[in-house]
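Notes for the structure review
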Amino acid sequence: MPIRDATEADLPAILAITNDAILTTTANWNIRPVTLEARRAWFADRRASGLPVLVAEQAGIVRGFASYGPFRAFDGYALTVEHGLYVARDAQRQGHGAALLGGLIARAEAAALHVMVAGIEAGNAASLALHERLGFVRVGLMPEVGRKFDRWLDLVLMQRSLGARG
């Protein structure tokens, strides 16, 4: 499964995948679609911070993307990151998510990070299973901390140790 660093040219596809997740799923808890300008700013910020944005590509088409960023803004969390991972609806369960998450893990390990965190909506069985397959463990459940589609959402917290001991 080809995984590569995203480029500015990938932003329209990243935007389409993001907005589909916003409008049709509980994988992303935003309610309003984002703009291309907002995605450009996000991408520029990731690049300026040295953070990866990866894409999965199939037959020249971006099928998913993933990135990680700071877990929390305090110095003590500097070696912990939280990631986001999205796959186009018609490309799910084809290995793109595993390839993207594996790529992020490799980047985080190469950057000598210590822990990667995932926040996953409790009803997203496919994402929970994917993360478990790649070594994440459930460390918490936060009931009813989000609201979307006129219902309360529970958040499962998962984490994977990356090996860096600082």
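Let me begin by describing the structure that accompanies this report. (Residues numbered from 1 in each chain as written. Predicted model: local features only at pLDDT ≥ 70, side-chain atom pairs only at ≥ 80, totals over all residues. Heavy atoms only, no water.)

**Some words on the layout of surface pockets**
What the largest pocket holds in volume is close to 1300 Å³. Taken together, 48 residues line the largest pocket, and the ones lying closest to its centre are A27, G84, L85, Y86 and S127. Of all the secondary-structure elements, those providing two or more residues to the lining of the largest pocket are α1 (11-24), α2 (36-48), β3 (61-70), β4 (80-87), α3 (96-110), β5 (115-121), α4 (125-133) and β7 (151-161). Counting residues per element, the lining of the largest pocket draws most heavily on β4, at 6 residues. Residues that form the lining of the largest pocket fall into these classes: 21 nonpolar, 19 polar and 8 charged. (1 Å grid on protein atoms, 1.4 Å probe; cavity = no way out; pocket = protein on both sides within 12 Å on 5 of 7 lines; lining within 4 Å. Points joined across faces, edges and corners; volume = space filled by probe spheres on them. Helix = DSSP H or I, 4+ residues; strand = E, 2+ residues; numbered from the N terminus. Nonpolar A, V, L, I, M, F, W, Y, C, P; charged D, E, K, R; others polar.)

**Digging into the pairing of strand β6 (residues 137-148)**
Here 8 bridges tie β6 to β7, and the two strands are oriented antiparallel to one another. When the sheet's bridge partners are listed, G146 is paired in β7 with L153. Hairpin connection of β6 to β7: 2 residues between the antiparallel strands, including F149 at a positive phi of 55 degrees. (Pairing = 2+ DSSP bridges.)

**Notes on the nonpolar core**
Residues I14, Y68 and M116 are the most contacted members of the largest nonpolar core, which totals 37 residues. The element that contributes the greatest number of residues to this core is α3, accounting for 5 residues. With sequence-adjacent residues up to four places away left out, M116 is seen in contact with Y68, V81, H83, L101, L104, I105, A108, F136, M158, Q159, R160 and L162. (Core = buried A, V, L, I, M, F, W, Y, C linked by side-chain atoms within 4.5 Å. Buried < 20%, exposed > 50% of the residue type's maximum accessible area, 1.4 Å probe, protein only. Contact = heavy atoms within 4.5 Å.)

**Looking at the side chain of T18**
Summarising the element assignment, T18 is placed in helix α1. In this structure the side chain of T18 is engaged in a polar contact, spanning 2.8 Å, whose partner is the backbone oxygen of I14. With residues up to four places along the chain from it excluded, the contact list for T18 reads N28, V34, R39 and F65. (Polar contact = N/O pair within 3.5 Å; in protein donor to acceptor, adjacent residues only side chain to side chain.)

**A closer look at the sheet that holds strand β2 (residues 53-58)**
Pairing is mixed in the open sheet, where 7 strands are placed in the order β1-β2-β3-β4-β5-β7-β6. In the strand order of this sheet, the two ends are held by β1 (3-5) and β6, each with one partner. Within the sheet, the average angular offset between the axes of one strand and its neighbour, ignoring direction, is 30 degrees. Most of the contacts of α3 go to β4, to which it runs at about 160 degrees, and overall it touches β1, β2, β3, β4, β5 and β7. With respect to the sheet, α4 is in contact with β4, β5, β6 and β7, its orientation differing from that of β5 by roughly 160 degrees. (Axes fitted to C-alpha atoms, helices over the stretch in contact; angles between N-to-C directions.)

**So, the packing of aromatic side chains**
Summed over all chains, the structure comprises 4 aromatic pairs. With a centroid separation of 6.3 Å and an interplanar angle of 50 degrees, the aromatic rings of F74 and Y77 are classed as tilted. Judged by relative accessible area, F74 falls into the exposed class, the value being 55%. Given the relative accessible area of 29%, Y77 is considered partly exposed. Cluster of aromatic residues (ring-pair linked, three or more members): W42, F65 and Y86. Sitting above the plane of the W42 ring, R39 keeps its charged end 4.2 Å from the centroid. (Phe/Tyr/Trp six-rings, centres within 6.5 Å; stacked < 30°, edge-to-face > 60°. Lys NZ or Arg CZ within 6 Å of the ring centre and 35° of its normal.)

**Structural notes on the packing of α1 against α2**
Two numbers describe how α1 lies on α2: the axes approach to 10 Å, and their chain directions differ by 110 degrees. Comparing the axis directions of α1 and α2 gives the class roughly perpendicular. As α1 runs across α2, the sense of the crossing is right-handed. Where α1 abuts α2, its residues L11, P12, I14, L15 and T18 lie against L36, R39, R40, W42 and F43. Partitioned by chemical class, the residues of the contact of α1 with α2 number 7 nonpolar, 1 polar and 2 charged. (Parallel < 35°, antiparallel > 145°, perpendicular 65-115°, else oblique. Left-handed = near helix turned anticlockwise from the far one by under 90°.)

Keep in mind that these numbers describe shape and distance, not what the molecule does.
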